[in-house]
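Residue-level structural notes
Chain residues, written in single-letter form:
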Amino acid sequence: MPWIVGVSGASGTPYAAAVLRALLTGGESVDLVVSRASRLTLLDETGISFRDAHWRDDLRDWLARGADGKPDTFDVGVDLDTDAVRYWGAGDLAAGPSSGSYPAKGMLIVPASTACVAGVALGLSKDLLQRAASVTLKERRTLVVAVRETPLSGQTLRHLVALDDAGASVVPASPAFYAGATHIQDLVDFVAGRVLDSAGVPHGLYRRWTGELGGATRPA
């Protein structure tokens, strides 16, 4: 069964790329939903136009880029099996993930915009991303929401509490430094790793806390 990965329009497309790379490296299957708004963010942050007709080529280009935007940072052809990805258009409300009878392990929304958070919390289902999240909640499957916004308004905080009450895991895109980050990719991988931790997916994206002080100053 696949993990559904939803990418909303919030800034933070490197977080999504890191999660996707880790899932594929771990041999997981992925159903990918890229919102219309996220295409603008992806274009702005990476220069990549994510096109329905050429989504696999665009996905490879995206996953090959590092968090600093440099192309060919990751060897997609060797390390990642993009054939394990199935793409669904955000406007396709007849897609598989729109139904509770469609088998899936759960859903990861990374990054999650405040508009996306509100839509899922209120059950609006205005596009496939929100509908798939609503289905995930009603079927009592794992839903991880990696919200990326600051500061957070009271309204958004109430929506996040509602998602927590409904059984979702709320993971703010808030990197930590105890893992010994030396590059922007390390900070991105920490957040991606915490998203995967919340979903119970094994990975090796960051150095975990062992209870020993000073670990961040030593080589990983």
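Below is a short write-up of the structure. (Residues numbered from 1 in each chain as written. Predicted model: local features only at pLDDT ≥ 70, side-chain atom pairs only at ≥ 80, totals over all residues. Heavy atoms only, no water.)

Let's talk about helix α5 (residues 114–122)
Filter applied, for reference: Exposure is judged per residue with a 1.4 Å probe applied to protein chains only, and the accessible area is read against the type maximum: over 50% gives exposed, under 20% gives buried, and values in between give partly exposed. Numbering of helices and strands runs from the N terminus, with a helix taken as a DSSP run of H or I at least four residues long and a strand as a DSSP run of E at least two residues long. Whether two residues touch is decided by their heavy atoms; if any such pair falls within 4.5 Å, the residues are in contact.
Every buried residue of α5 is listed here: Cys116, Val117, Ala118, Gly119 and Val120. Here the buried face of α5 lies against β4 (106–112), α6 (128–138), β5 (142–147) and α7 (154–165).

Quick word on the sheet that holds strand β2 (residues 30–34)
In plain terms, the rule: Paired strands, in this sense, are two strands between which DSSP finds at least two bridges.
In spatial order, the strands read β3-β2-β1-β4-β5-β6; together these 6 strands make up an open sheet with parallel pairing. The strands lining the two open edges of the sheet, one partner per strand, are β3 (85–89) and β6 (169–170). As paired elements, β2 and β3 share 5 bridges and run parallel to each other. By the bridge assignment, Val34 is partnered in β3 with Gly89.

Brief notes about the side chain of Thr13
Within the element layout of this structure, Thr13 appears in helix α1 (residues 13–25). Under the relative-accessibility criterion, Thr13 is labelled buried at 1%. Residues within four places of Thr13 in sequence aside, it is in contact with Thr41, Leu42, Glu45, Thr46, Trp62 and Pro111.

Comments concerning the environment of Gly123
Take Gly123: it is sitting in the loop between α5 and α6. Along the backbone, Gly123 and Ser198 are 75 residues apart, and their C-alpha atoms lie at a distance of 22 Å.

Quick word on the packing of aromatic side chains
What describes a pair of aromatic rings is the distance from one ring centre to the other and the angle between the planes of the rings. What counts is decided by this rule: Aromatic rings from Phe, Tyr and Trp, with only the six-membered ring used for Trp, were paired whenever their centres fell within 6.5 Å, and each pair was classed as stacked if the ring planes differed by under 30 degrees, edge-to-face if by over 60, and tilted otherwise. Note on geometry: a ring has a charge over it if NZ (lysine) or CZ (arginine) is within 6 Å of the ring centre and within 35 degrees of the ring normal.
Applying the stated criterion across every chain, the model contains 7 aromatic pairs. On the numbers, 5.6 Å between centres and 90 degrees between planes, the contact of Tyr178 with Phe190 is edge-to-face. Of this pair, Tyr178 sits in the loop between β6 and α8 (184–199) while Phe190 is found in helix α8, placing the two residues 12 residues apart along the sequence. The buried category is assigned to Phe190, whose relative accessible area is 6%. Measuring from ring centre to ring centre gives 6.1 Å for Tyr178 and Trp209, while their planes differ by 75 degrees; the resulting arrangement is edge-to-face. With Tyr178 in the loop between β6 and α8 and Trp209 in the segment after α8, the pair connects residues that are 31 residues apart, well separated along the chain. Residue Tyr178 is classed as partly exposed on the basis of its relative accessible area of 35%. For Trp209, a relative accessible area of 48% translates into the label partly exposed. Among the aromatic residues, those joined into a cluster by ring pairs are Phe50, Trp55, Trp62 and Tyr87. The ring of Phe74 carries the charged tip of Arg21 above its face, separated from the ring centre by 3.8 Å.

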